[in-house]
Amino acid sequence: MSLSSRSAVAIHALTMLGRWDRSLTSAEIAESLASNPVLVRRILGGLRDAGLVWAAEGRGGGWSLARPARQITLYDAHAAVEDGPILSRHPHPPSDACEVGRHMRDLLEAEFRGAEEAMRERLARTTIADLVQQVLDKERDPAARRR
């Protein structure tokens, strides 16, 4: 499966949880995403299964980070909700009768693996705490708030 919006939703939800010093409901998170609470609960379930968030049921319940925001990377969020390689591979083997076809799979595999590793390394350098700080910095900038 290739990269989907699940990563963006997961990172958004984690950043909200890192920003506020309280539990948030899936409805509160969905409101920020302009999305549906059911979708948010599905994503949060994957984050819970990965040990990134936990939920308390009942009155006053909601979702919270399971560890400090500075210990959760964007790659942690991505890995929790995405399956398989990031870049799509050939859906079926190319033709061995063609000089391009017989080599393309191996050539693309090497290139795609390198690109995916670069993405993993980049996402692993940024934490949820980093994004929370960037949000706070942007909120202090009147020009950024008007966008």
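Here is a short report on the structure shown in this document. The residue numbers shown here count from 1 along each chain, following its written sequence. The predicted origin of the model limits local features to residues at a pLDDT of at least 70 and limits the giving and counting of side-chain atom pairs to 80 or more, whereas totals for whole chains, interfaces and linings rest on all residues. As a rule here, side-chain values come from all non-hydrogen atoms in the structure, and water together with hydrogens is ignored.

We now examine the packing of helix α4 (residues 74-81) against helix α5 (residues 101-125). At a minimum axis separation of 6 Å, α4 and α5 run at an interaxial angle of 120°. On the basis of their axis angle, the class for α4 and α5 is oblique. Two secondary-structure elements touch here, α4 through Leu 74, Tyr 75 and His 78 and α5 through Met 119, Arg 120, Leu 123 and Ala 124. Only Asp, Glu, Lys and Arg are considered charged, only Ala, Val, Leu, Ile, Met, Phe, Trp, Tyr, Cys and Pro nonpolar, and every remaining residue, Gly among them, polar. For the contact of α4 with α5, the class distribution of residues is five nonpolar, one polar and one charged. Lines fitted to C-alpha atoms define the axes here, with helix axes fitted over just the stretch in contact, and angles between the N-to-C directions of these axes take values from 0 to 180 degrees. Strands here mean DSSP runs of E at least two residues long; helices mean DSSP runs of H or I at least four residues long; both are numbered from the N terminus. The labels follow the angle: roughly parallel below 35 degrees, roughly antiparallel above 145, roughly perpendicular from 65 to 115, and oblique for the rest. We call two residues contacting when some pair of their heavy atoms lies within 4.5 Å.

Of note in this structure, Ala 34 is not a glycine but carries a positive phi near 55°. Among the secondary structure elements, Ala 34 is positioned in the loop between α2 (26-33) and α3 (37-49). The exposure class of Ala 34 is exposed, given its relative accessible area of 73%. Any residue under 20% of the maximum accessible area for its type is buried, any over 50% is exposed, and the rest in between are partly exposed; the area is computed with a 1.4 Å probe on protein chains only.

As for its placement among the helices and strands, Val 9 is situated in helix α1 (residues 6-19). Accessibility expressed as a relative area gives 12% for Val 9, which makes it buried. Taking the C-alpha atoms as reference points, Val 9 and Pro 37, 28 residues apart in sequence, are found 12 Å from one another. Excluding residues within four positions of it along the chain, Val 9 makes contact with Leu 33 and Ile 43.

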